[in-house]
Amino acid sequence: DYSWSSQKRSMLELMDVLELDEMHLVIHDIGGPIASMFAAENKERVKSITILNTLLKVNNFQKPFPMWTFTIPYLNNLFIAMATPLTMHLGIKQKGVHDSSVFTYDVATAWHYMLKNNNGQESFL
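Our focus in this paragraph is the overall build of the protein chain. For the protein chain, the helix and strand inventory stands at six helices and two strands. Scanning the protein chain from its N terminus toward the C terminus, one meets helices and strands in the order α-β-α-β-α-α-α-α. Relative to its 125 residues, the protein chain shows a buried fraction of 26%. In the protein chain, 51% of the contacts between residues at least 6 apart in sequence involve partners at least 24 apart. For the protein chain, the exposed surface amounts to about 8,600 Å²; the carbon and sulfur share of it is 57%.

As structure tokens, then:
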């Protein structure tokens, strides 16, 4: 489940597994809504918050196509299986970033490597 509430629950489960009572929370990118919900519901476990390049007002948020594909069972696996550096570069540059000049082919190649080679996407997603 790639929903924000599921990711928030995963944060709490990870803290419990690692036996962390408190943490310094760094919020970045699409993790903003997830970590914000976590912090609001677990105030006693968050020592500090650092917010970097994220969105917090999500009432009208529309997931871009590259993100949307990971929310559909089986489609997410198909998307990953078919992904190449070129398809990731073109797709994300077209619909996944506001300033497409910052998403270079080299960045897409690095993302592709993480997606395909790190524990079945666990560290990337």
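Regular strands place their side chains on alternate faces of the sheet. Bridge analysis of strand 1 (residues 23-29) against strand 2 (residues 46-54) gives seven bridges, and the strand direction is parallel. Considered in strand 2, the bridge of Val-26 is made with Thr-50. With helix 2 (residues 31-41) bridging strand 1 and the parallel strand 2, this β-α-β connection has right-handed handedness.

It is worth spelling out the pattern of salt bridges at this point. For the structure shown, the criterion picks out two salt bridges. Across the pair Lys-8 and Glu-41 runs a salt bridge, and its minimum N-O distance is 2.7 Å. Taken together, the residues Lys-8 in helix 1 (residues 4-17) and Glu-41 in helix 2 connect sequence positions 33 residues apart. Residue class for Lys-8 comes out buried when judged on its relative accessible area of 12%. With its nearest N and O atoms 2.8 Å apart, the salt bridge here joins Asp-16 to Arg-45.

Moving on to the side chain of His-89. Summarising the element assignment, His-89 is placed in helix 5 (residues 85-95). On the accessibility criterion, His-89 (12% relative accessible area) is buried. When sequence neighbours within four positions are dropped, the list of residues in contact with His-89 reads Phe-103, Thr-104, Tyr-105 and Ala-108.

This part is about a nonpolar patch on the surface. Taken together, the side chains of Leu-14, Val-17, Leu-18 and Leu-20 present a nonpolar region at the surface, about 390 Å² in accessible area. Tracing the chain through its elements places Val-17 in helix 1.

We now examine the side chain of Lys-8. A distance of 2.7 Å separates a polar atom in the side chain of Lys-8 from a polar atom in the side chain of Glu-41. Excluding residues that lie within four positions of it along the chain, Lys-8 makes contacts with Ile-34, Met-37, Phe-38 and Glu-41.

Analysis parameters
- Residues numbered from 1 in each chain as written.
- Predicted model: local features only at pLDDT ≥ 70, side-chain atom pairs only at ≥ 80, totals over all residues.
- Heavy atoms only, no water.
- Helix = DSSP H or I, 4+ residues; strand = E, 2+ residues; numbered from the N terminus.
- Buried < 20%, exposed > 50% of the residue type's maximum accessible area, 1.4 Å probe, protein only.
- Contact = heavy atoms within 4.5 Å.
- Areas by Shrake-Rupley, 256 points an atom, 1.4 Å probe, with all protein chains shown as cover.
- Pairing = 2+ DSSP bridges.
- Right-handed = clockwise from strand over helix to strand, strands pointing away.
- Salt bridge = Lys/Arg side-chain N within 4 Å of Asp/Glu carboxyl O.
- Patch = residues over 30% accessible without salt bridge, like charges linked within 9 Å, V, L, I, M, F, W, Y side chains within 5 Å.
- Polar contact = N/O pair within 3.5 Å; in protein donor to acceptor, adjacent residues only side chain to side chain.

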